Amino acid sequence: MLFRSFEPGRAFTIGSQRSETRLGRNGFEIITAPMGLDLQRELWARVLSLGTMKHFKSHDTSTCGLHVHVSRQGLTQMQIAKAIVFLNDDRTEGLVRCVARRYGGGYCQKRDNVKLSRHVAFDINRYTMLNTLPSSTVEFRLFRGSLRLETVLGCVEFAHAVLDWCRDVSAQDLTVPSFLAWIHDANNRADTANLRALLNRRAPAMSGAIARLLSLHQRPAAPAIAPVSVLTTPDE
């Protein structure tokens, strides 16, 4: 059993091998049970510290993605629509590339000329950056795979932050500066620690504009994640 060293039970019961041909003969997909951010952090710290992970590839492949499902419970159609508009805005591309480590493509297509309305939250194509076809969740499909703890958690926090921010932000403020200010707000820092660390690590090389915006919010901070035994890997 691949995860024999992983303690099963309660929220740590995670999915199983899948025999999907698009993953290739040696493909493996991990599916977690629904859980909040705190348990996601605990889960992935344990999974990514397993010795078996050194045999895997994720970021450095053309067949691996990281999909984050968020429950529709508590979400409004306008909230989802704002998220779709924000993610597909050309001005957001630099931010998306920093976090997702890819942009567009066959499995997470960009939607062009998206205008804000409740109807935007309905789609007929699952292969978009934010898939709204599932009846009980919305699915963030934009992320490239990773075996790096900070990156995995940063992607999960990004999905959570975008929807949380879109609950109250105005249509006029669906901008990257507004989003970055929100994740650096004292009330939101605890739930965006890994996301901010990911952006600070990648933005200088990926996007000068994002790096300049981040510099406006810099201040000394504690490490994003508690010390944990994690494999040293070049995987992004």
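One can find the structure itself at the top, above this paragraph.
The text that follows walks through the structure, step by step, so that each part is easy to find. In this convention, every chain numbers its residues from 1, walking through the sequence in written order. Local features in this predicted model are restricted to residues whose pLDDT is 70 or higher, and side-chain atom pairs enter the listing and the counts only when it is 80 or higher, whereas totals over whole chains, interfaces and linings include all residues. Side-chain measures were taken over the full set of non-hydrogen atoms in the model, leaving aside hydrogen atoms and water.

Considering the overall build of the chain
Part 1 of the reasoning: What counts as a helix is a DSSP run of H or I of at least four residues, what counts as a strand is a run of E of at least two, and both are numbered from the N terminus. Within the chain, the regular secondary structure consists of seven helices and three strands.
Part 2 of the reasoning: Expressed as a percentage of contacts within the chain between residues at least 6 apart in sequence, the contacts between residues at least 24 apart total 69%.
Part 3 of the reasoning: Accessible area of the chain: about 12,500 Å², with a carbon and sulfur share of 51%. Residue contacts follow a heavy-atom distance rule, with two residues in contact if any of their heavy atoms lie within 4.5 Å. Computed with the Shrake-Rupley method and a 1.4 Å probe, the accessible areas treat only the protein chains shown as cover for residues.

Quick notes on the sheet that holds strand S2 (residues 130–131)
Part 1 of the reasoning: Between any two strands, pairing holds if DSSP finds at least two bridges. Read across the open sheet, the three strands follow the order S1-S3-S2; overall the sheet is antiparallel. Across the chains shown, the open sheet's two edge strands, defined by having one partner strand only, are strand S1 (65–71) and S2.
Part 2 of the reasoning: As defined by bridge partners, S2 adjoins strand S3 (residues 137–144) across two bridges and the pair is classed as antiparallel. Looking across to S3, one finds that asparagine 131 is bridged to glutamate 139.

Some points on the nonpolar core
In a soluble, globular protein the nonpolar side chains are often hidden away together inside.
Part 1 of the reasoning: Remark: nonpolar core denotes a set of buried residues (Ala, Val, Leu, Ile, Met, Phe, Trp, Tyr, Cys) joined through side-chain atoms within 4.5 Å. Only protein chains enter the calculation, and the probe is 1.4 Å; a residue is then buried if its accessible area is under 20% of its type maximum, exposed if over 50%, and partly exposed in between. Judged by nonpolar contacts, the single largest core of 61 residues is most densely connected at Leu95, Phe140, Phe143, Phe158 and Phe179.
Part 2 of the reasoning: Those residues in contact with phenylalanine 179 that lie beyond four places of it in its chain are Phe86, Leu95, Phe158, Ala161, Val162, Trp165 and Leu195.

Overview of the packing of helix H5 (residues 176–184) against helix H7 (residues 208–215)
Part 1 of the reasoning: Where H5 meets H7, the closest approach of the two axes is 10 Å, and the angle between their N-to-C directions is 40 degrees. By the angle between their axes, H5 is oblique relative to H7. Our pair here, H5 against H7, has a crossing hand that is right-handed. Side by side, H5 and H7 meet where Val176, Pro177, Leu180 and His184 of the first sit next to Ile210, Leu213 and Leu214 of the second.
Part 2 of the reasoning: Any residue that is not Ala, Val, Leu, Ile, Met, Phe, Trp, Tyr, Cys, Pro, Asp, Glu, Lys or Arg is counted as polar, Gly included; the first ten are nonpolar and the last four charged. Here the contact of H5 with H7 is composed, by residue class, of six nonpolar, one polar and no charged. To get an axis, a line is fitted to the C-alpha atoms, and for a helix only the part in contact is used. The angle between two axes follows their N-to-C directions and goes from 0 to 180 degrees. In these notes the angle categories are as follows: under 35 degrees is roughly parallel, over 145 is roughly antiparallel, 65 to 115 is roughly perpendicular, and the rest is oblique. In this scheme the crossing of two helices becomes right-handed for a clockwise turn of the near helix relative to the far one and left-handed for an anticlockwise turn of less than a right angle.

Re the packing of aromatic side chains
Here a ring pair, both rings aromatic, is described through the centre-centre distance and the interplanar angle of the planes.
Part 1 of the reasoning: In this analysis, rings of Phe, Tyr and Trp, with Trp reduced to its six-membered ring, are considered paired at centre separations within 6.5 Å, and the interplanar angle assigns stacked below 30 degrees, edge-to-face beyond 60, and tilted for intermediate values. Tallying each qualifying case throughout the model produces six aromatic pairs.
Part 2 of the reasoning: On the numbers, 6.0 Å between centres and 85 degrees between planes, the contact of phenylalanine 143 with phenylalanine 158 is edge-to-face. Linking phenylalanine 143 in strand S3 with phenylalanine 158 in helix H4 (residues 149–168), this pair joins segments that are 15 residues apart in sequence. We note that phenylalanine 143, like phenylalanine 158, is buried.
Part 3 of the reasoning: Arranged with centres 5.2 Å apart and planes meeting at 70 degrees, the rings of tryptophan 165 and phenylalanine 179 form a pair that is edge-to-face.

Digging into the packing of H4 against helix H6 (residues 193–206)
Part 1 of the reasoning: For the pair H4 and H6, interaxial distance at closest approach is 7 Å and the crossing angle is 115 degrees. Viewed along their axes, H4 and H6 adopt a mutual orientation that is roughly perpendicular. Handedness of the H4/H6 crossing: left-handed. Residues Glu150, Thr151, Leu153, Gly154, Glu157, Phe158 and Ala161 of H4 pack against Ala193, Asn194, Leu195, Ala197, Leu198 and Arg201 of H6.
Part 2 of the reasoning: Each residue belonging to the contact of H4 with H6 can be placed in one class, and the counts come to seven nonpolar, three polar and three charged.

As for H5
Part 1 of the reasoning: Those residues of H5 that fall on the buried side of the exposure criterion are Val176, Phe179, Leu180, Trp182, Ile183 and His184.
Part 2 of the reasoning: If you follow the buried residues of H5, they end up packed against helix H2 (77–88), helix H3 (93–100), H4, H6 and H7.

A word on the pattern of salt bridges
Part 1 of the reasoning: The term salt bridge refers to a side-chain nitrogen of Lys or Arg lying within 4 Å of a carboxyl oxygen of Asp or Glu. Scanning the entire structure with this criterion turns up 11 salt bridges.
Part 2 of the reasoning: Glutamate 139 is the partner of arginine 141 in a salt bridge, and the nearest nitrogen-oxygen pair spans 3.2 Å.

Regarding the pairing of S3
Part 1 of the reasoning: In terms of burial, S3 is a largely internal element, seven of the eight residues being buried.
Part 2 of the reasoning: For S1 and S3, the ladder comprises six bridges, and the chain directions are antiparallel. Bridge assignment links valine 68 to a residue of S3, and that residue is phenylalanine 140.
Part 3 of the reasoning: Hairpin remark: S2 followed by S3, antiparallel, with five residues in the connecting loop.

Observations concerning the environment of threonine 151
Part 1 of the reasoning: Following the sequence through the fold, threonine 151 ends up in helix H4.
Part 2 of the reasoning: Measuring from C-alpha to C-alpha, the distance between threonine 151 and valine 99 comes to 7.9 Å, with 52 residues separating the pair along the chain.

Brief notes about the environment of phenylalanine 140
Part 1 of the reasoning: Note on placement: phenylalanine 140 falls in strand S3.
Part 2 of the reasoning: With a relative accessible area of 0%, phenylalanine 140 lands in the buried category.
Part 3 of the reasoning: It is 9.6 Å that separates the C-alpha atoms of phenylalanine 140 and phenylalanine 158, two residues lying 18 residues apart in sequence.
Part 4 of the reasoning: Sequence-distant contacts of phenylalanine 140, defined by excluding residues within four places in its chain, comprise Leu66, His67, Val68, Val70, Leu87, Met129, Leu130, Ala159, Val162 and Leu163.

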